Every structure is written in C-alpha cells, then in structure tokens.
Amino acid sequence: MDPFYDLSAYLPGHGGGVLPVSNHSNSSLGQEYLLSDSGALSPMGTASDHGAGSGTVTSSSSSAPAPTLVAANGSNLQIDLVWDNSVASAPSGFTAAVIAAAQTYVNDFTSSAKTVLYIDVGWGEVAGSSLTANALGESESSGYLTNYTTVTHALSNDGYSFTASNEPTSGQFFVTSAQAKALGLISGTSGGLSSVDGYVGFSTLSGTGYSWNLNATGTTSSQFNLQAVADHEISEVMGRIGM
C-alpha cells in the first residue's frame, strides 16, 4: 500500500469571503480554509476538532442514512462517509457506488498511523449548495496554507530528500486536512461527523437525458458511471487538486 501525498502549490488570486478567524489549538498550521471546486479559497469559521474552522454538514436529521465507515485489513486509512439528508432521495444503489469508490482508496493506500477521513456526501448538492450547471460532481476540501519548510520536513520523515536546484523554497502550499493527517501535521483521527475533511456532491442528472450507471462496469452511451465520478471527487478531498 502507498501513502497518499499530492501537494498543490497555492496560487495568489484564489479567494472567497472572509469569515471570523477561529481559535486554534494547532498554531503551527493556523487558519483552516475551505477550497471550493472552482478554486475559491475561504477562511473557515468556528473552531473544530482539527484545531481550526469547520463547515456545517446537513446530515443531522433522521432522514439521512447512518454514516458508513469504510476500512480494510492491513490499512491504517479509513474513510467515514457522512450522508446528507439529500441522499435519502437518491436512487437505490447510490450509496453502494460511493462506498465502493471509497473502498478502492482504503484498499490501495495507507498511512503511518491510524487516519480517519470524514467526507460529507450529497445528492444534487455539495455542502448544502447547488452544483454548478452541467457538473457531474463537485468537491470542497478543508485545509491549510503552509510553507516549503513545513511540507518538506514532514515528507523527510518518510525518507524523501529535496536537492533540486529549483526547489520552491519561498512557495506557499495548500495542504488539505486529509493530507495534513497523512503527513502527521494534525492528528490522524481529528475531526468528526460534524467537522469533516471535505464534501462531495453528485448531480441528479435530471432533465439531461442521461442517467447514472450505479455499477462498476457496463456503462452505456446514455449513462455516466457514478463510481468513477466518486473516485474523482473523493481523491480531490484527499489532495488531488489543482489551483
């Protein structure tokens, strides 16, 4: 199994509305931000179990399915899928397809210590907001702005070295909270059902003339494969993002 690292440099100019800065128990990383699918970066609000700001999920009602913890023998990585109320109206097989996508990652990746990623899942919405027109799925990821020294020091603990002549020593990096857990920058078990590492949402495809194939194979020309889209969105919360 491989560790998951995919660090994206932060490019100035991406930003969102400013929210009050929360109290942080993890002062080395400071303010926690939410990165939208469009690349907008917004400071998060009240304190969370990460030691920084937290968004609010919409799955507190009994109409939402119970959260699903996805794990695998031999892997320290677990993914806790927190289903929004909207998932109650999703078609049969929707949750199974998303779980299968998450299972792929816990089967293939691990971390040096127990790591639980909390991911909120929506149907027809992401983090309580409508998806962009024509989007099959979207994600939003919480994380931190940090620097070259912090990132390379964490990676050096796993045996990586940095000797290139063009190392981005003055660069600024955005590290998702999922990555921060894997790198040991925050506790691997921090967060919770109401303090998630990110959000994923999927289109209903209503009025498009297309439908979801909820199985791993057999997608027709008038369908999109939900598990493949879930693979894509979950990996963004894990850190596979561009800015």
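Since we're looking at a predicted model, the values are computed, not measured.

1. Overview of the overall build of the protein
The helix and strand tally for the protein stands at four helices and 13 strands. Expressed as a percentage of its 243 residues, the buried residues of the protein come to 50%. Contacts in the protein between residues far apart in sequence, at least 24 positions, make up 75% of those at least 6 positions apart. Entry remark: accessible area of the protein is about 10800 Å², with carbon and sulfur atoms responsible for 49%.

2. So, the nonpolar core
Side chains of a nonpolar character, in soluble globular proteins, are inclined to be buried together. In this structure, Ile-79, Leu-81, Phe-94, Val-121, Phe-202 and Ile-234 are the most contacted members of the largest nonpolar core, which totals 30 residues. Of all the secondary structure elements, the ones that give two or more residues to this core are β6 (77–83), α1 (94–108), β8 (115–123), β11 (198–202) and α4 (226–238). At seven residues, the largest contribution of residues to this core is made by α1. When residues no more than four places from it in sequence are discounted, the contact partners of Ile-79 are Thr-68, Leu-69, Val-70, Ala-102, Tyr-105, Val-106, Leu-117, Ile-119 and Ile-234. If you look at the next biggest cluster of nonpolar residues, it comprises twelve residues, including Ala-154, Val-175, Leu-183 and Ile-186.

3. A look at the confidence of the model for the protein
The pLDDT averaged across the protein works out to 84; a share of 81% of its residues lies at or above 70. Long-range and interchain partners of residues 6–25, a stretch whose pLDDT sits below 50, account for 54 contacts in this model, where long-range means more than four residues apart. The model gives residues 46–61 a pLDDT under 50, and that stretch makes 66 contacts with residues more than four places away or in other chains.

4. Re α1
Because each turn of an α-helix spans 3.6 residues, side chains separated by three or four positions in sequence point in the same direction. Under the 1.5 Å per step criterion, the end-to-end length of α1 is 22 Å for 15 residues, consistent within 8% with the ideal 21 Å. Taken residue by residue, α1 has Phe-94, Ala-97, Val-98, Ala-101, Ala-102, Tyr-105 and Val-106 as its buried positions. Summarising the contacts, the buried residues of α1 are in contact with β5 (68–70), β6, β7 (109–110), β8, β11 and α4.

5. Here we look at the pairing of β11
Here β11 lies mainly inside the structure; five of its five residues are buried. As paired elements, β8 and β11 share five bridges and run parallel to each other. Its bridge partner lying in β11, Asp-120 is registered against Tyr-199. In this sheet, β11 lies alongside strand β9 (residues 137–147) in antiparallel orientation, the contact comprising five bridges. Directly across from Ser-141, in β11, lies its bridge partner Gly-198.

6. Things to note about α4
Between the first and last C-alpha of α4 there are 18 Å, a value that for 13 residues agrees with the 18 Å anticipated at 1.5 Å per step. Burial within α4 is extensive, with ten of its 13 residues counted as buried. Here α4 starts with a cap whose side-chain oxygen sits 3.1 Å from the backbone nitrogen of Gln-227, and that cap is Asn-225. Phi for Gly-239, located one or two positions after α4, is positive at around 130°.

7. Examining the pattern of salt bridges
As enumerated under the stated definition, the model contains two salt bridges in all. The partner of Asp-197 in a salt bridge is Lys-181, and the shortest N-O contact between them spans 2.9 Å. Of this pair, Asp-197 sits in the loop between α3 (177–182) and β11 while Lys-181 is found in helix α3, placing the two residues 16 residues apart along the sequence. The pair formed by Asp-197 and Lys-181 is uniform in burial state, with each residue classed as buried. Residues Arg-240 and Glu-236 are paired through a salt bridge, measuring 3.6 Å at the closest nitrogen-oxygen approach.

Calculation rules
- Residues numbered from 1 in each chain as written.
- Predicted model: local features only at pLDDT ≥ 70, side-chain atom pairs only at ≥ 80, totals over all residues.
- Heavy atoms only, no water.
- Helix = DSSP H or I, 4+ residues; strand = E, 2+ residues; numbered from the N terminus.
- Buried < 20%, exposed > 50% of the residue type's maximum accessible area, 1.4 Å probe, protein only.
- Contact = heavy atoms within 4.5 Å.
- Areas by Shrake-Rupley, 256 points an atom, 1.4 Å probe, with all protein chains shown as cover.
- Core = buried A, V, L, I, M, F, W, Y, C linked by side-chain atoms within 4.5 Å.
- pLDDT = per-residue confidence, 0-100.
- Expected span 1.5 Å × (residues − 1).
- Pairing = 2+ DSSP bridges.
- Polar contact = N/O pair within 3.5 Å; in protein donor to acceptor, adjacent residues only side chain to side chain.
- Salt bridge = Lys/Arg side-chain N within 4 Å of Asp/Glu carboxyl O.

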